[in-house]
Amino acid sequence: MEHTAEDIVLDVRGQICPACLLITLSELNSNKERLKGEKARLVVKTDHRDATRTIPGAAFAMGYSVSVVQKERHYEITLEHEK
Amino acid sequence: MYRSDFCMAGVFRDVFLFRDYLRMKALFLLVALLAFFLYLMRVFRVISTYPPSFFGAPSVANLVGGVLFGVGMVLGGGCMLGTLYRLGTGNTASAITFCGILLGGFASAVIYPSIHSFASSTVLFKDKTALEHIIGNAAAPVLALSLLPIALAWRWIKTGRWSQAAYARGYLPLWKASFMMAFVIAASVALSGRPLAVSTGYAKLSGFLGVLFLPAVTGKLAFFRVQSPRLLYGSIMNGGAGPVIDSVFLTQLPLMAGVVGGSFLSSLRLGEFKIRRLPPARQAFSAFFGGMLMAAGALMAAGCNLWHIIGGLPVFALQSILFVFGAAGGAFLGAVFLRKIVIK
């Protein structure tokens, strides 16, 4: 199925630990309506390995589905409302 | 450490910020395994001095130093060892923390006489250095604090309660890292006769830089002239923070270089090495200031988290027990500062 929701891109590369998770949580909360209404999905760009464990863990608990892809020298974590 | 992101600053910080106990459980397992292995080494006389002579009498300075260190490692985004393994992956924020530790080491050397006087005047038990000197039994704390967590950890592993989805390439589960580190560290103690340490190595680097940029000031600082005898590989060698070749130069600096080199190679192999962009100004300042606090805390507490948590806690050194309480309190404060001031 083709993806139609808008991508909200959050680039937290270079930030100190645990800024990636804190900023992502804040972004999830401020865009809650759009994400839950499937109008948008959150794409997090991070170069912190640990964020690929902590962000999906927190997002799962909040009812989001997660996919993680390794790009060139960073990871891209996509969070969207679980269908 | 790099593959599992076994971050000791994260152990405490994650509990206070996110109620995430995964790293804490891994650290418990590591300390429990080491307590068990070191006790066995004692029974089979692999270790000659036990409780180890290099842990002195406990003082309030161990607790206060632990608090400073705890705040510093959370603000710095990693402890003294964590800073090194992240530095090896091209992490610019860790490079800033590293510089903070070096400058903090030099600044602490300037106020060393006051720190030394505070530590000496607040000694709690002059002739007691380990828990067994108070409770009169060495086996009881080992049994209570090592076998129970090991049995619990084994149950968690078997029932899958220790698994968490991780997507990073080459990720090593934390419990596996605990086992690997316990074997390596125990073997290192058996061979060298000493726990691992890096804080004096950092201070020595500060001393070398001091000689390079401020030779007159550095030459006058008493801290850089202190040399103490250290038991190493069965013989006594002098060592200290001074900019000279001694036992610290021959042991701690290679360890530091090894951690940086190991994570560099590992990150290169996983396709993750990159000189990262600078963090936002507020975070950069936090990293630098956190590094300075860690250096001051380690000097006051007579060691960093590596020395006390991995080295002293498994033998129930009183200094280390005080340090851990202080570091936990400091990490709580650091987490509050991080949340309210640094990351906005």
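Residues numbered from 1 in each chain as written. Chains lettered and ligands numbered in written order. Predicted model: local features only at pLDDT ≥ 70, side-chain atom pairs only at ≥ 80, totals over all residues.

Helices and strands together make up the secondary structure of chain B, namely 15 helices and two strands. When the backbone C-alpha atoms are referred to their principal axes, chain B occupies close to 60 × 50 × 35 Å. Here chain B, with 344 residues, has 52% of them falling under the buried criterion. In chain B, of all internal contacts separated by at least 6 residues, the share reaching a separation of at least 24 is 79%. (Helix = DSSP H or I, 4+ residues; strand = E, 2+ residues; numbered from the N terminus. Buried ≥ 20, exposed ≤ 12 C-beta atoms within 10 Å, placed from the backbone. Contact = placed C-beta atoms within 7 Å.)

All names here are of chain A. Strand order in the open sheet formed by four strands is β1-β2-β4-β3, with mixed pairing between adjacent strands. Both edges of this open sheet fall to β1 (6-11) and β3 (64-71), since each of them pairs with a single strand only. Ignoring which end each strand starts from, the neighbouring axes of this sheet average 20° apart. Two strands pair when backbone bridges link them, and β3 and strand β4 (residues 74-81) are joined in this way by eight bridges, in the antiparallel orientation. Within β4, the position partnered with V68 by the bridge is I77. Against the sheet, helix α1 (residues 19-30) makes contact with β1, β2 (40-46) and β4, and its axis sits at roughly 170° relative to β2, the strand it touches most. Relative to the sheet, helix α3 (residues 51-61) contacts β2, β3 and β4, its axis offset from that of β3 by approximately 165°. (Pairing = 2+ DSSP bridges. Axes fitted to C-alpha atoms, helices over the stretch in contact; angles between N-to-C directions.)

Before going further, it helps to examine the interface of chain B and chain A. The interface of chain B with chain A comprises 26 residues on the first partner and 19 residues on the second. Mapped by element, the contributors of at least two residues to the side of chain B that touches chain A are α1 (8-18), α5 (92-110) and α13 (281-300) of chain B.

Below, the discussion takes up the environment of B:T251. Residues and elements named next belong to chain B. Tracing the backbone shows T251 in helix α12 (residues 247-269). Take T251: there are 23 C-beta atoms within 10 Å of it, and that puts it in the buried class. Placed twelve residues apart in sequence, T251 and G239 show a C-alpha to C-alpha distance of 9.9 Å.

In the Ramachandran plot, A:E38 falls in the positive-phi region, its phi being about 60° despite a non-glycine side chain. In this structure, A:E38 sits in the loop between α2 (32-36) and β2. You will see that B:A302, though not glycine, has its phi angle at about 60°, which is positive. Note on placement: B:A302 falls in the loop between α13 and α14 (305-312). A count of 24 C-beta atoms within 10 Å places B:A302 in the buried class.

Bringing the packing of α1(B) against helix α15 (residues 318-342) of chain B into the picture now. Residue and element names in this part refer to chain B. At a closest axis distance of 9 Å, the pairing of α1 and α15 adopts a crossing angle of 55°. It follows that α1 is oblique to α15 by the angle criterion. Note that α1 runs across α15; the crossing there is right-handed. Note on element contacts: α15 touches α1 through A327, A328, A331, F332, G334, A335 and R339, opposite F12, R13, F16 and L17. Taken together, the residues of the contact of α1 with α15 break down into eight nonpolar, one polar and two charged. (Parallel < 35°, antiparallel > 145°, perpendicular 65-115°, else oblique. Left-handed = near helix turned anticlockwise from the far one by under 90°. Nonpolar A, V, L, I, M, F, W, Y, C, P; charged D, E, K, R; others polar.)

This paragraph deals with α1(B). Residues and elements named next belong to chain B. Among the eleven residues in α1, eight count as buried, and that is most of the element. For α1, the set of buried residues is M8, A9, G10, V11, F12, R13, D14 and L17. Residues of α1 that are buried in the fold lie against α2 (22-43), α3 (60-76), α4 (80-87), α14 and α15. Just beyond α1, the residue with positive phi is R19, at close to 55°.

Time to look at the packing of α1(B) against α2(B). Residues and elements named next belong to chain B. Two elements in contact, α1 and α2, have axes separated by 7 Å at closest approach and are oriented at 130°. It follows that α1 is oblique to α2 by the angle criterion. Along this stretch, α1 crosses α2, giving a crossing that reads as left-handed. Mapping the contact onto sequence places M8, G10, V11, D14 and V15 in α1 and R23, M24 and L27 in α2. Here the residues of the contact of α1 with α2 sort into five nonpolar, one polar and two charged.

Turning our eyes to something else, we now look at the pairing of strand β2 (residues 235-239) of chain B. Residue and element names in this part refer to chain B. The pairing of strand β1 (residues 228-232) with β2 spans five bridges and is antiparallel. Bridging across to β2, R230 finds its partner in M237. Between the end of β1 and the start of β2, which pair antiparallel, lie two residues, with Y233 showing a positive phi angle near 50°.

This part is about the nonpolar core. Soluble globular proteins: nonpolar side chains tend toward being buried together. All names here are of chain B. Within the largest apolar cluster, 121 residues are counted, with the highest numbers of intra-cluster contacts made by L30, L34, M80, M300 and L306. Broken down by element, this core gets its largest block of residues, 14 residues, from α2. Apart from residues lying up to four places away in sequence, L30 is in contact with S178, M181 and A182. (Core = buried A, V, L, I, M, F, W, Y, C linked by C-beta atoms within 7 Å.)

In this section: α3(A). Side chains that are three or four residues apart share a direction in an α-helix, a result of its 3.6 residues per turn. Residue and element names in this part refer to chain A. Those residues of α3 that fall on the buried side of the exposure criterion are A51, T52, R53, T54, I55, P56 and A59. Tucked into the core, α3 has its buried residues touching α1, β2, β3 and β4. G63 sits one or two positions beyond α3 and adopts a positive phi of about 90°.

Further remarks concern the confidence of the model for chain B. For chain B, per-residue confidence averages 91 on the pLDDT scale, and residues scoring 70 or more make up 99% of the total. If you check the scores for this complex, the pTM reads 0.93 and the ipTM reads 0.87. (pLDDT = per-residue confidence, 0-100.)

Caution applies to low-pLDDT parts of the model: their predicted coordinates are not meant to be read in detail. The pLDDT averaged across chain A works out to 89; a share of 95% of its residues lies at or above 70. Summarising per-element confidence for chain A, the mean pLDDT is lowest in α3(A) (89) and highest in β2(A) (95).

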